[in-house]
Amino acid sequence: MSKRYGFVMLVYRCIDCKACQVGCWAENEVPLGKSRNWITKDGPKGKFPDLITDFLPGNCMHCGNAPCVNVCPTGASYQTEEGIVLVNKKKCIGCKYCMVACPYNARYYHPEEKTADKCTMCVHRLKEGLQPACVSTCVGGARVFGDLNDPDSQVSRLLRKHRAVVQLPQANTQPNVYYVYDSPVDKGGIAP
């Protein structure tokens, strides 16, 4: 079975420090004012004085049914065998159809290259046996990356252990980024 890469975001571990964004900017030379990943705020929720705010780390969902790939008129947007959605800059004409099609707003227009740009899962680092920069720099351990087809990988073990959800399931994009909200500590367990 081939690899299928994905992320598990442990929401309860994200502290909105933005180290993932800084790591990505530095690793991928992302233009000033643009970003390949993000952290959104969900909250405050609950009833005073028991309020909570979740921070949701995000990036391209590397969808199994990727609308950005489906609408690309030149084939510049494509998916690797491992499920990584990439942009071939030589084929991209900068039409921005992919940006409009993405329900997660995961792409931006690179002003200097005149092409679409997005998270690549740091594919260049994966080839060297390294984790994506956002995972390596996450001080809270909120971002977990690995092979979803490997039952022994950390991401597979987390998905078996926790209830996970995807963003915008109604979009039917089959995202490969999963979110775990509940801390096992809250339920008397041990944090992964």
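The structure this text deals with has already been given above.
What counts, and where the lines are drawn
Residues numbered from 1 in each chain as written. Predicted model: local features only at pLDDT ≥ 70, side-chain atom pairs only at ≥ 80, totals over all residues. Heavy atoms only, no water. 1 Å grid on protein atoms, 1.4 Å probe; cavity = no way out; pocket = protein on both sides within 12 Å on 5 of 7 lines; lining within 4 Å. Points joined across faces, edges and corners; volume = space filled by probe spheres on them. Helix = DSSP H or I, 4+ residues; strand = E, 2+ residues; numbered from the N terminus. Nonpolar A, V, L, I, M, F, W, Y, C, P; charged D, E, K, R; others polar. Polar contact = N/O pair within 3.5 Å; in protein donor to acceptor, adjacent residues only side chain to side chain. Contact = heavy atoms within 4.5 Å. Buried < 20%, exposed > 50% of the residue type's maximum accessible area, 1.4 Å probe, protein only. Pairing = 2+ DSSP bridges.

## Quick look at the layout of surface pockets
Alright, step 1. Roughly 210 Å³ of internal volume is contained in the largest pocket.
Alright, step 2. Breaking the lining of the largest pocket down by element, the ones donating at least two residues are strand E5 (85-87) and strand E6 (108-110).
Alright, step 3. Classifying every residue of the lining of the largest pocket by side-chain character gives five nonpolar, three polar and six charged.

## What about the side chain of Asp-147?
Alright, step 1. Topologically, Asp-147 is positioned in strand E8 (residues 143-147).
Alright, step 2. Within the structure, Asp-147 has its side chain in polar contact with the backbone nitrogen of Asn-149 (distance 2.9 Å).
Alright, step 3. What Asp-147 contacts, discounting residues up to four positions off in sequence, is Lys-3, Arg-4, Tyr-5, Ser-153, Val-155 and Ser-156.

## Some details on the environment of Val-11
Alright, step 1. Here Val-11 is to be found in the loop between strand E1 (5-10) and helix H1 (19-28).
Alright, step 2. In sequence terms Val-11 and Met-61 are 50 residues apart; their C-alpha atoms lie 16 Å from each other.
Alright, step 3. With residues up to four places along the chain from it excluded, the contact list for Val-11 reads Asp-54, Phe-55, Leu-56, Tyr-179, Val-180 and Tyr-181.

## Points about the pairing of E1
Alright, step 1. With six of its six residues buried, E1 lies for the most part within the structure.
Alright, step 2. Residues Tyr-5, Phe-7 and Met-9 line one face of E1 and the alternating positions Gly-6, Val-8 and Leu-10 line the opposite face, and both faces are buried.
Alright, step 3. Where E1 and E8 come together, five bridges link them in antiparallel fashion. In the sheet register, Phe-7 faces E8, and the bridge partner there is Phe-145.
Alright, step 4. Pairing geometry for E1 and strand E9 (residues 177-180), over four bridges, is parallel. Looking at E9, one finds that Val-8 is bridged to Tyr-178.

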